[in-house]
Amino acid sequence: MTAKIIDGREIAGKIKEELEKRVGVLKEKGVTPKLVVILVGNDPASDVYVRSKMKRSKEIGIASELIRYPEDITENELLEKIAGLNKNPEVHGILVQLPLPNEIDEKKVIDSIDPKKDVDGFSPVNVGNLLIGETAFESCTPKGIMRMLDIEGIPVEGKEIVIINRSNIVGKPLTAMMIKKSGTVTVCHSRTKDIPSHTRRADILVSAVGKPKFITEHMVKEEAVVIDVGTTKDSKGKLCGDVDFEKVKEKAGYITPVPGGVGPMTVIMLMENTVTAAENQ
Ligand code: NAP
């Protein structure tokens, strides 16, 4: 049987309607949620991500401002700007688009964002709170994955979850979220031996490697839920995920496409965090 395709665009569309209502309530109280995005340098991929975030903000009624800096901006200038935004009561969310140039300490910059305005959920305070099960701004990609599963009615409790990724923005926060929902989690990475022996056990398999066709049908259990986070361009310049979609969809129970799966969920979770930040502040 062919897998059910989880339509991230459709789910994000429904969440967008809810957010528009929440923004309406805030505006009646005289508050317009505002997101400031800082972009350093001219990385074309970052440019695309930032543009989609700005566009989505506008559609929902969130005021958004893009601050662009040249590649040679100093760390101090950036930190001073963030300090100013932290103090500005009209700004509810601050996002620094990564990666930053090598000369700038990414950790220092992320640490400098007020956790109350850290809508990307990358600051140590938010990551730590997530880990101990307290309220936190959760990193948008894993949060979007959890929301997808929830909306599709896919239970996590007691399931075997295999995540291929151990990064701070995907694998680590997703592990914390899956544990919170009582899943049994295995985290694989580039040093893991015999990855298929793990993936074949997975009831829910999440791949975020960034290599096209990394996940073949032989690596997937019948009826598994396959979540494809990877985004890369194939030899023809077409955006694709980690999963050999056409073949795996014949075996899996559920599958997310690329594009149109995790990507739109990530952006809408950023919007949700921004609206929540405005409500909290
Ligand atoms: P990253 O930091 O480079 O992480 C990649 C992970 O894959 C690492 O844990 C790495 O292991 C592991 N890996 C690499 N080669 C492997 C191999 N041969 N076997 C097993 N594991 C391997 O990247 P990231 O920022 O987390 O992003 C991962 C992918 O997700 C990228 O394609 C990115 O574009 C995409 N992404 C998409 C969204 C979205 O919204 N759709 C959001 C975020 C990221 P090590 O830790 O051992 O190096």
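Residues numbered from 1 in each chain as written. Predicted model: local features only at pLDDT ≥ 70, side-chain atom pairs only at ≥ 80, totals over all residues. Heavy atoms only, no water.

With that settled, the discussion passes to a negative patch on the surface. On the surface, Asp-43, Glu-71, Asp-72, Glu-77, Glu-80 and Glu-103 cluster together to form a negatively charged patch. Topologically, Glu-77 is positioned in helix α3 (residues 75–87). Looking at Glu-77, the relative accessible area reads 45%, which means it is partly exposed. (Patch = residues over 30% accessible without salt bridge, like charges linked within 9 Å, V, L, I, M, F, W, Y side chains within 5 Å. Areas by Shrake-Rupley, 256 points an atom, 1.4 Å probe, with all protein chains shown as cover. Salt bridge = Lys/Arg side-chain N within 4 Å of Asp/Glu carboxyl O. Lys, Arg positive; Asp, Glu negative; His and termini not counted. Charge placed at Lys NZ, Arg CZ, Asp CG, Glu CD. Helix = DSSP H or I, 4+ residues; strand = E, 2+ residues; numbered from the N terminus. Buried < 20%, exposed > 50% of the residue type's maximum accessible area, 1.4 Å probe, protein only.)

Applying the stated criterion across every chain, the model contains 19 salt bridges. Residues Lys-116 and Asp-114 are paired through a salt bridge, measuring 3.5 Å at the closest nitrogen-oxygen approach. Accessibility expressed as a relative area gives 18% for Asp-114, which makes it buried. Residue Asp-203 is joined to Lys-221 by a salt bridge in which the shortest nitrogen-to-oxygen separation is 2.6 Å. Of the two residues, Asp-203 sits in the loop between α8 (195–199) and β7 (204–207) while Lys-221 sits in the loop between β7 and β8 (225–228), which places them 18 residues apart along the sequence. When salt bridges that share partners are traced, they join Lys-16, Glu-20, Lys-55, Arg-56 and Glu-59 into one network.

Turning our eyes to something else, we now look at the packing of helix α6 (residues 140–151) against helix α7 (residues 171–180). Axes are the key here: two packed helices are described by the angle between their axes and the distance separating the axes. At a minimum axis separation of 9 Å, α6 and α7 run at an interaxial angle of 35°. The handedness of the crossing between α6 and α7 is right-handed. When α6 is examined against α7, the residues Pro-142, Lys-143, Ile-145, Met-146 and Leu-149 are found in contact with a partner set consisting of Pro-173, Leu-174, Met-177 and Met-178. Each residue belonging to the contact of α6 with α7 can be placed in one class, and the counts come to eight nonpolar, no polar and one charged. (Axes fitted to C-alpha atoms, helices over the stretch in contact; angles between N-to-C directions. Left-handed = near helix turned anticlockwise from the far one by under 90°. Contact = heavy atoms within 4.5 Å. Nonpolar A, V, L, I, M, F, W, Y, C, P; charged D, E, K, R; others polar.)

It is worth spelling out the sheet that holds strand β11 (residues 254–255) at this point. On the basis of which strands lie adjacent, the open sheet formed by six strands has the order β1-β11-β8-β7-β5-β6 and parallel pairing. Sheet topology places β1 (4–5) and β6 (184–188) at the edges, where each strand pairs with a single neighbour. Sheet topology places β7 next to β8; four bridges connect them, and they run parallel. Residue pairing for β8: Ser-207 is matched across the bridge by Asp-228. (Pairing = 2+ DSSP bridges.)

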